[in-house]
Structure formats: structure tokens, C-alpha cells
Amino acid sequence: MKVSEQEAVESTARRLGSFLKRRREQIAQRWADAPLFRTVFTVSREEAVEACKTVVDALSDVASSGRLEDITSSGFDSVRDQLGRMSGTRTRAGASPAQIADEVAALRAPVVELLRAEFSDPSAPEAAEGLLALAALMGTLRLVVMQAALSSGEELIARQRQQLLEVATPVISLWEGVVAVPLIGTLDSARSQVVMESLLQCIVDQRARYAILDITGVPTVDSLVAQHLMKTVAAARLMGAECIVSGIRPAIAQTIVQLGIDLSSVLTRASLADALAYALSRLGIEVSPRASMR
């Protein structure tokens, strides 16, 4: 592109930026009734209008910089979080990415109407150039919104995954000074970290002296799972609690032997009940059957 052509494009972009700043109020009022804003800002229309003004200001800054197609433009920094929250709200409400993209595209029409009114002759070259610049700018906004939507969706999935891990690894207080973690399913690195953090925090909160890791619900034990268990046991000991591993089934015991995994330093019991009985006995608590009533 020749220098003169580049200058012409930048000049058109700057004029577009001035137009957006000048018509900020009118654009915001029209956008406030658009689905993208109306379905997110439901408390009051004034709240939606203010959000629209923020987006218009960002578009004006981007246009004034001449970087109409740059999604990394600093002009978008001020609204990136807002757009992410908006798209996240729409996603949680059931809107698909394609629907959100269409809602962003629908914002262009009200601005086109106002921009055409700026020219006495809508067919003049200046008008056509301005409309093309606006189309490029709104296309960039659409990309920014979709990028923010994807980022918001990934963060939501990550939070939900963390919550599921925490729900799947509850720490139960069995007795005063005795806590237990019943493990069910595959024990991978991420889940092992959650188990360790939850268990150690519970040991501190409950001032527990004994912690039971029950692996009755763990389908298989390999060297990686054993390593995770060893780390958890060692961490619990550092916190002043004795760790007991229970629920080792015959098949798992054979696997551990065949793999040559050394669990000699780990206290084990056949079942959760046996582990609890051991912990209670170490605490000096004797549990006896209730006497039968005749």
C-alpha cells in the first residue's frame, strides 16, 4: 500500500473515532436495547447505557489510533474484562458462541444509521470509506468478544473442575482427633494435590492426630498412585498426624507386590473400620458392643 493510501485509511479511521465520540450518547441509548446488553444488565436501563458508553469509548480510542483490525489494541484493554463477563453471563444463560457473535454483529446497524446521517450524500466516497472502516472496527469488536468468551468459558470450566475435585475428595471427621478421606475413582496428580491440601488443612483445623486414607473405591494402584499416597502420608506426618491407609483389596495388594512398591513405612489396615479401631485404641478409647437388653 502506498504511503498516501495508508494516510487516507488512517485519516478515515480518525474521523470514525471522532464520530463515535461525538455520537456516544445516541449510540449507547440504542445499544442499551440490544439483546447483548439488555439480557445482561437487567437491574436498570441506566446501567446498560453506562456499559454501552464504555464500549463506545473503547471503539473510539481504537479508531483514533488507526488500528481498526488489531484485537490487541490497547483501546480494548478497558472493556476486555467487561466483555468477558458479559459473554460469560450469556453463555451461562444458554447462549451459544454463534448466538453471541450474532448479537455483537447486531450492534453495527444502529451505528451505520447514525453514520450515514453524517453525510449529505450517503453515496459519496467519504461515506463509503467511513462505512467500510466501521465494518472493520465492528468485526474486530466481534473477535474481541469471542476471545473474551472463550477465555471466560475456560476459566469457568477450570473452576467447575476444581469444585468437582473438592467435592469428590471430602475430608470427614470420624472422631475427635480422627479424620478420613474416602477416595473413589482414579487418583491422578491434580486430584492428589487437592487431597493433600484438603487433608492437611483439616488436620490443622481439627487438630487431628490420625488421618485415614481409604482407597476401597480406587480401582487400580500403580507406581504413580503409590507415589501420591506416600507423599500425602509424609506431608501428614510433618503436620504431626499419623496416616493410615485402609481398603487395600487382595487384587491391589498383589499388584503392589508385583510392581515392587515398598509401602513398609506406611501403616495399613484392611478396612476403614479397622483403621478407625486402631486410631481409637491409640487414643485410649475403647469401643465395646452395647449390652443386649433382656
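These numbers come from a predicted model, not from an experiment.

S.K.: Whenever I open this one, the environment of A128 confuses me. Can you help?
M.R.: For A128, the position within the fold is in helix α8 (residues 125–168). Separated by twelve residues in sequence, A128 and R116 place their C-alpha atoms 9.1 Å apart.

S.K.: Explain the pairing of strand β3 (residues 210–217) to me, please; I cannot follow it from the model alone.
M.R.: Looking down a regular strand, the side chains alternate between one sheet face and the other. In terms of burial, β3 is a largely internal element, six of the eight residues being buried. Taken together, the six bridges between strand β2 (residues 178–184) and β3 define a ladder with parallel strand orientation. Paired with V181 across the strands is L213, a residue of β3. Of the strand pairs in this sheet, β3 and strand β4 (residues 242–246) are connected by five bridges, and their pairing is parallel. In the sheet register, A211 faces β4, and the bridge partner there is C243. The parallel pair β3 and β4, bridged by helix α10 (residues 223–238), forms a crossover whose chirality is right-handed.

S.K.: It is not clear to me how the sheet that holds β2 should be interpreted in this structure. Could you clarify?
M.R.: What links the strands of a sheet is backbone hydrogen bonding, and the strands pair in either a parallel or an antiparallel sense. The sheet built from five strands is open, its strands ordered β1-β2-β3-β4-β5 with mixed pairing. Edge strands, defined here as strands with exactly one partner in the open sheet, are β1 (172–175) and β5 (267–269). If you compare each strand with its neighbour and ignore which way they point, the axes differ by 30° on average. Set on the sheet, α10 makes contact with β2, β3 and β4; between it and β3 the angle comes to about 165°. Along the sheet face, helix α12 (residues 272–282) touches β1, β2, β3, β4 and β5 and points at about 170° away from the line of β3.

S.K.: Where do I start with the pattern of salt bridges in this structure?
M.R.: Pairing between side chains of opposite charge can happen when the charged atoms of each approach one another. Summed over the entire model, instances satisfying the criterion amount to twelve salt bridges. Residue E118 pairs with R22 through a salt bridge whose shortest N-O separation is 2.4 Å. With a gap of 96 residues between them, E118 in the loop between α7 (108–116) and α8 and R22 in helix α1 (residues 3–22) connect regions that are remote in the sequence. Judged by its relative accessible area of 48%, R22 is partly exposed. The salt bridge partner of D102 is R142, with a shortest N-O separation of 3.8 Å. Linking D102 in helix α6 (residues 97–105) with R142 in helix α8, this pair joins segments that are 40 residues apart in sequence.

Thresholds, definitions, all that
- Residues numbered from 1 in each chain as written.
- Predicted model: local features only at pLDDT ≥ 70, side-chain atom pairs only at ≥ 80, totals over all residues.
- Heavy atoms only, no water.
- Helix = DSSP H or I, 4+ residues; strand = E, 2+ residues; numbered from the N terminus.
- Buried < 20%, exposed > 50% of the residue type's maximum accessible area, 1.4 Å probe, protein only.
- Pairing = 2+ DSSP bridges.
- Right-handed = clockwise from strand over helix to strand, strands pointing away.
- Axes fitted to C-alpha atoms, helices over the stretch in contact; angles between N-to-C directions.
- Contact = heavy atoms within 4.5 Å.
- Salt bridge = Lys/Arg side-chain N within 4 Å of Asp/Glu carboxyl O.

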